[in-house]
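Coordinate analysis (summary)
So the chains spell out like this:
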Amino acid sequence: MYTAALPASVVELTETLSALPGIGPKTASRLAFFLLRGKSELALRLAEALKGLVERTRFCSICYNVTEADPCPICTNPARNQRMVCVVEEPLDLLALERTDQYHGVYHVLHGALSPMEGVFAEDLRINELEARIRRGDVEEVILATNPTSEGDYTAAYLLQRLKPLGVRITRLGRGLPMGGDLEYADAVTLMRALESRQEL
Amino acid sequence: MHIRSLSLRQFRTYNRLELDLPASPVLLLGANAQGKTSLLEAIAYLAVGRSPLTNTDQHLIHWRAVESAMPFAHLKTEVIHRNHADLIEIALEQKTLANGGTRLEKQIKLNQHTIRQMDLAGHLNVVVFLPEDVELVSGAPSGRRRFLDDLLSQVYPAYVESLGEYQTALSRRNALLRHLRDFGGDAAQLAPLEETLVQTGVTLSLYRRRVVKALAFYADRLHHDLTGGAAWLQIQYQPNFDPLRPPAVDYQIGLLPETESESPVDLDTLYEAYRKTLHAQRRIEIDRGMTLTGPHRDELRFISDGVDMGTFGSRGQQRTVVLALRLAELRWLEQETRESPVLLLDEVLAELDRARRTYLLNLLGNVEQTILCTTDVEMFPESFREKTLLLEVAEGIIRRK
């Protein structure tokens, strides 16, 4: 690149930013110059926020969600049903479920899905921790809420096989047609799954 | 079905081509390296979204276009069915990335709507016969599996679905086997993948068994006629895992296995037998780092008068076998789809003697549309040429003769 014409600190920032997902070298240099151009207040606030992110957050020792207080506010909330555990792949999935305002149990974040081709195996996910949590005996139902992808399905099938002998109730999120969708334009796999998981009325 | 029009932009040797075709035989004449085979390739590409000649789509873009600022190729065809018409388009565009590399974008459209490659199935069915097809008989087993996969994929979307799931689960299981060998871990992670292999693998195996049985039936007769009544042909499907018969079908050449029992077996029994086999093999397969059982190791053999043609057939015998197989493919597609597929023949006559040539040309009378390539028009009798559209191909330009 044209790095020789730029101060080292700008190059350093640009290169760091372009390591982020979805940000290429062009966007990175645009962001760097935006921060540079008289917005020192914004740049410092960003620096503080990043520092706080690294120094203050950690994983909850019960559910492995990202938190500042351990255990996290959800695991310590007496209004929530601690006997119902919803298993998700990522913290963002947990947030999506929270937005519904309809789920009052607690969570367990795996931090990924099984994907042997990308080198993600059972020992790389928080599965041992989930099993230990259930063995402690205070869980009645486990809701498998991994993504409806081929990796998510594989992970759910593996979890089912591993948790079944522990004698807890295991359920899987319903799957089927999206709201506002149209049968005519639904793909064959979605329709097939919707048929399989149809409900008695 | 037949192709009414074909339009190519920057495809192989064709800079620009607009061609209208009749529902009758079409004969492409021209010296070597003028674009005859590329035209057949274009039609086959529009049918399945994959070239019979290369796995690298980049090679399909005109060589001069590749050096231009925005290399692309565009193919379009109108296909006439009994009661409707389909417009199929494929666009290839080579994009240059920020890091200097390139990426090929491929867009497939059916009647102006973008579709997935697998949804092309059934809108244009073709049977292609190329000189190098003799490899099907003499070459590696993977070519024969691809032959079965391509044929079944043209007709059954469910087959495409199962094949995709099978291949994903297989790659995952192999990656996991290697990981377990090198680093250890919970072997129970294999079970869900094995379940997918079992369910989809049995589906693949049953489809293959069915299509081979039908192909064998047609090819036997065709081969008999092509050889002037001299030799019958047996096509044998040898599934790597055959739940109908216990494995270990290691027969010697010339010693044919006894006729198959066709007693119906219920699916759950098949699944269970397959599941047990995979489970029993785990230890060996972890050592080897790969899955040794399943349809990805199926075999197809061609046997004429007790002799395995793949190993012991002469070049000429192998050609006759492939021709019988391609014509059987045509019959099967007609039977399954109730429509005549488009037949694409590249330089086949040159390889046949007069009697076989006449037999083949007579057969073409029943096909809605056949497109043939030749360097020598004299090989075709006057009576055939009269019913045929003759086109001259020279340096990527096509003229009516």
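Not measured: the values here are computed from a predicted model.

1. Observations regarding the interface of chain B and chain A
Taken residue by residue, the interface counts 15 residues in chain B and 14 residues in chain A. Taken together, the two surfaces of chain B and chain A that pack against each other cover about 1,300 Å², and 60% of this comes from carbon and sulfur. Contact with chain A buries area across many residues of chain B, yet R172(B), Q189(B) and P192(B) alone supply 45% of it, more than any other trio. Here E151(A) and R172(B) are joined by a salt bridge, their closest N and O atoms 3.3 Å apart. Taken together, chain B and chain A are joined by seven residue pairs in polar contact (both at pLDDT 80 or more). Among the secondary structure elements, those contributing two or more residues to the side of chain B that touches chain A are α5 (157-183) and α6 (190-226) of chain B. In terms of residue class, the side of chain B that touches chain A is built from six nonpolar, six polar and three charged.

2. Regarding the nonpolar core
Residues and elements named next belong to chain B. One finds I235, F302 and W332 to be the most contacted residues of the largest nonpolar core, which totals 67 residues. With 13 residues, α6 is the largest single contributor of residues to this core. Dropping the residues within four chain positions of it, W332 is found in contact with L151, L152, V155, Y156, V211, A214, L215 and Y218. Counting 43 residues, the second-largest nonpolar core is a separate cluster that includes I3, V26, I88 and L391.

3. What about the pairing of strand β4 (residues 105-109) of chain A?
Residue and element names in this part refer to chain A. Counted residue by residue, β4 has five buried out of five residues, so it is predominantly covered. As defined by bridge partners, strand β3 (residues 81-88) adjoins β4 across five bridges and the pair is classed as parallel. In the sheet register, N81 faces β4, and the bridge partner there is G105. Handedness of the β3-helix α4 (residues 91-100)-β4 crossover: right-handed.

4. Quick word on the packing of α6(B) against helix α9 (residues 315-337) of chain B
Residues and elements named next belong to chain B. Two elements in contact, α6 and α9, have axes whose closest approach is 8 Å; the angle formed by their N-to-C orientations is 125 degrees. On the basis of the axis angle, α6 is oblique to α9. For the element pair α6 and α9, the recorded crossing hand is right-handed. In this structure, α6 uses R210, V211, A214, L215, Y218, A219, L222, H223 and L226 to contact α9, whose residues at the interface are T320, V321, L323, A324, L325, L327, A328, E329, R331, W332, Q335 and E336. Along the lines of polarity and charge, the residues of the contact of α6 with α9 split into 14 nonpolar, three polar and four charged.

5. A closer look at the domain arrangement of chain A
Domains assigned within chain A are domain 1 (3-52) and domain 2 (79-200). A straight line from the C-alpha centre of domain 1 of chain A to that of domain 2 of chain A covers 38 Å.

6. Considerations on the pairing of strand β10 (residues 299-304) of chain B
All names here are of chain B. Where burial is concerned, most of β10 is hidden: six out of the six residues are buried. Neither face of β10 is open: one carries E299, R301 and I303, the other L300, F302 and S304, and all of them are buried. Of the pairings in the sheet, the one linking strand β9 (residues 233-238) to β10 comprises six bridges and is antiparallel in character. What sits directly across from L233, in β10, is S304. The pairing of β10 with strand β11 (residues 307-308) spans two bridges and is antiparallel. Paired with I303 across the two strands is D308, which belongs to β11. Counting the residues between successive antiparallel strands, the hairpin from β10 to β11 contains two residues, one of them, D305, with a positive phi of roughly 50 degrees.

Parameters and conventions
- Residue numbers run consecutively from 1 along every chain, following the written order of its sequence.
- Here chains are named by letter from A upward and ligands by number from 1 upward, in the order in which they appear as written.
- Local features in a predicted model are, by the rule used here, given only for residues with pLDDT of at least 70; side-chain atom pairs are given and counted only at 80 or more, and totals for whole chains, interfaces and linings are based on all residues.
- With hydrogens and water stripped out, all remaining heavy atoms of the structure feed into the side-chain values.
- Contacts are residue-level and defined by heavy atoms, with any inter-residue pair within 4.5 Å sufficient.
- Take the accessible area each of two parts loses on contact, using a 1.4 Å probe, and add the two losses: that sum is the buried area.
- Salt bridge, as applied in this entry: a Lys or Arg side-chain nitrogen positioned within 4 Å of an Asp or Glu carboxyl oxygen.
- Polar contacts, as counted here, are pairs of nitrogen or oxygen atoms within 3.5 Å of one another; within protein the pair requires one atom able to donate a hydrogen and one able to accept it, and residues that are adjacent in sequence qualify only if both atoms are side-chain atoms.
- Strands are runs of DSSP state E lasting at least 2 residues, helices are runs of H or I lasting at least 4, and numbering of each runs from the N terminus.
- Residues are grouped as follows: Ala, Val, Leu, Ile, Met, Phe, Trp, Tyr, Cys and Pro are nonpolar; Asp, Glu, Lys and Arg are charged; all remaining types, including Gly, are polar.
- Within this scheme, the nonpolar core is defined by two criteria: the residues are buried Ala, Val, Leu, Ile, Met, Phe, Trp, Tyr or Cys, and they are joined through side-chain atoms within 4.5 Å.
- Burial classes: relative accessible area under 20% of the type maximum marks a residue as buried, over 50% as exposed, and values in between as partly exposed (1.4 Å probe, protein chains only).
- In this scheme, strands are said to pair when DSSP sees at least two bridges between them.
- Look down the strands so they point away from you; if going from the first strand over the helix to the second traces a clockwise path, that crossover is right-handed.
- Axis angles are defined between N-to-C directions and span 0 to 180 degrees, where every axis is a line fitted to C-alpha atoms and, for a helix, only to the segment in contact.
- Put simply, angles under 35 degrees are roughly parallel, angles over 145 are roughly antiparallel, angles from 65 to 115 are roughly perpendicular, and the rest are oblique.
- Less than a right angle of anticlockwise turn of the near helix away from the far helix marks a crossing as left-handed, whereas a clockwise turn marks it as right-handed.
- Domain start and stop positions are those given by an automatic or database domain assignment.

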